[in-house]
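Architecture and fold: a report
Now for the letters of each chain:
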Amino acid sequence: MKTKFFEIERSPDGNKFETIGKVAGAGNSQVQKNYQFIDENPEKGLNYYRLKQMDFDGSFEYSDVVSVIYSEKGDGVNIYPNPSNQLAYLAFDEGMENPSEINIFDALGKLVKSINTTGQDLDGRVELDLSELQRGSYMINVQFGRETISTRLQKDINSLNH
């Protein structure tokens, strides 16, 4: 298969999808390629996503549908202080299971930090060391089983925490 590009599609209900982005493909590659895309305007709450893989010959295939919960304050995951400088805390609402993984993406969609939390006793929160990150906006994806909750973080060198 020679992949021309991928269309990223989003749906509020898992049935009717709209294209929200496009990423160029590598054509015919024998090695694994990694692609990234950040939805800059997710709907609050549950979003469904799928990829449409378009080939040079016009044929296409759809990926499996995945769901992501976009969180704002009070939606299961809270990050504080925000903006932050060196340390931030990711807190989970009472009764939620511990996440298995936390991924931090920069504004360009590049994975800049990944934290595996499987088997850790988190007691409702995770401390995030931000000292290696540059000033700017970040998307935090928190994996709970098969679901992901996303929230935003602003790193600001002028924040009060040290």
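Residues numbered from 1 in each chain as written. Predicted model: local features only at pLDDT ≥ 70, side-chain atom pairs only at ≥ 80, totals over all residues. Heavy atoms only, no water.

**As for the environment of F60**
Filter applied, for reference: The helix and strand labels rest on DSSP assignments: H or I over at least four residues marks a helix, E over at least two residues marks a strand, and numbering proceeds from the N terminus. When a residue's accessible area, from a 1.4 Å probe over protein chains only, is under 20% of the maximum for its type it is buried; when over 50% it is exposed; and in between it is partly exposed. We call two residues contacting when some pair of their heavy atoms lies within 4.5 Å.
With respect to the helices and strands, F60 occurs in strand β4 (residues 60-62). According to the relative accessible area criterion, F60 is partly exposed, its value standing at 43%. Each C-alpha atom, one on F60 and one on N103, is 30 Å from the other, the two residues being 43 residues apart in sequence. Not counting residues within four places of it along the chain, the set of residues in contact with F60 comprises K52, Q53 and M54.

**What about unusual backbone geometry?**
A cis geometry characterises the amide bond from Y80 onward to P81, with omega recorded as -15°. The omega torsion across N82 and P83 is 10°, close enough to zero to call that bond cis. With respect to the secondary-structure elements, P83 resides in the loop between β6 (77-80) and β7 (87-92).

**Considering the confidence of the model for the chain**
This is how it is decided: Within a predicted model, pLDDT stands for the predictor's per-residue confidence, ranging from 0 to 100.
The share of residues in the chain with pLDDT of 70 or more is 90%, and the mean pLDDT across the chain is 82. Ranking the helices and strands of the chain by mean pLDDT puts β4 first, with 93, and strand β5 (residues 66-70) last, with 76.

**Brief notes about the pairing of β6**
Stated formally: Strand pairing is defined by DSSP finding a minimum of two bridges between the two strands.
Burial along β6 is one-sided: V77 and I79 are buried, while N78 and Y80, pointing the other way, are not. By the bridge criterion, 4 bridges tie β6 to β7 in an arrangement that is antiparallel. Its bridge partner lying in β7, I79 is registered against L90. What sits between β6 and β7 in their antiparallel hairpin is a turn of 6 residues.

**Thoughts on the packing of aromatic side chains**
Our working rule: Two aromatic rings, drawn from Phe, Tyr or Trp (for Trp, its six-membered ring), form a pair once their centres lie within 6.5 Å of each other, and the interplanar angle then sorts them: stacked below 30 degrees, edge-to-face above 60, tilted otherwise. By definition here, charges over rings are those cases where NZ of Lys or CZ of Arg is within 6 Å of the ring centre and within 35 degrees of the ring normal.
One pass over the structure, following the stated rule, counts 3 aromatic pairs. Consider the rings of F60 and Y62, whose centres lie 5.6 Å apart with planes at 80°: the pair is edge-to-face. Here Y62 falls in the partly exposed class, since its relative accessible area comes to 37%. Taking the centre distance of 5.7 Å and the plane angle of 25° together, the rings of Y80 and Y89 count as stacked. For Y89, a relative accessible area of 18% puts it in the buried group. One Lys or Arg, R50, reaches over the ring of F17 and ends 4.1 Å from the middle of that ring. Geometry around F60 places K52 over its ring, the cationic atom sitting 4.3 Å from the centre.

**Description of the pairing of strand β2 (residues 18-27)**
Two elements, strand β1 (residues 3-11) and β2, share 7 bridges in a ladder whose sense is antiparallel. By the bridge assignment for β2, T3 is matched with G27. Turn length for the β1-β2 hairpin, with the two strands adjacent in sequence and antiparallel, is 6 residues, and the turn residue G14 shows positive phi of about 85°.

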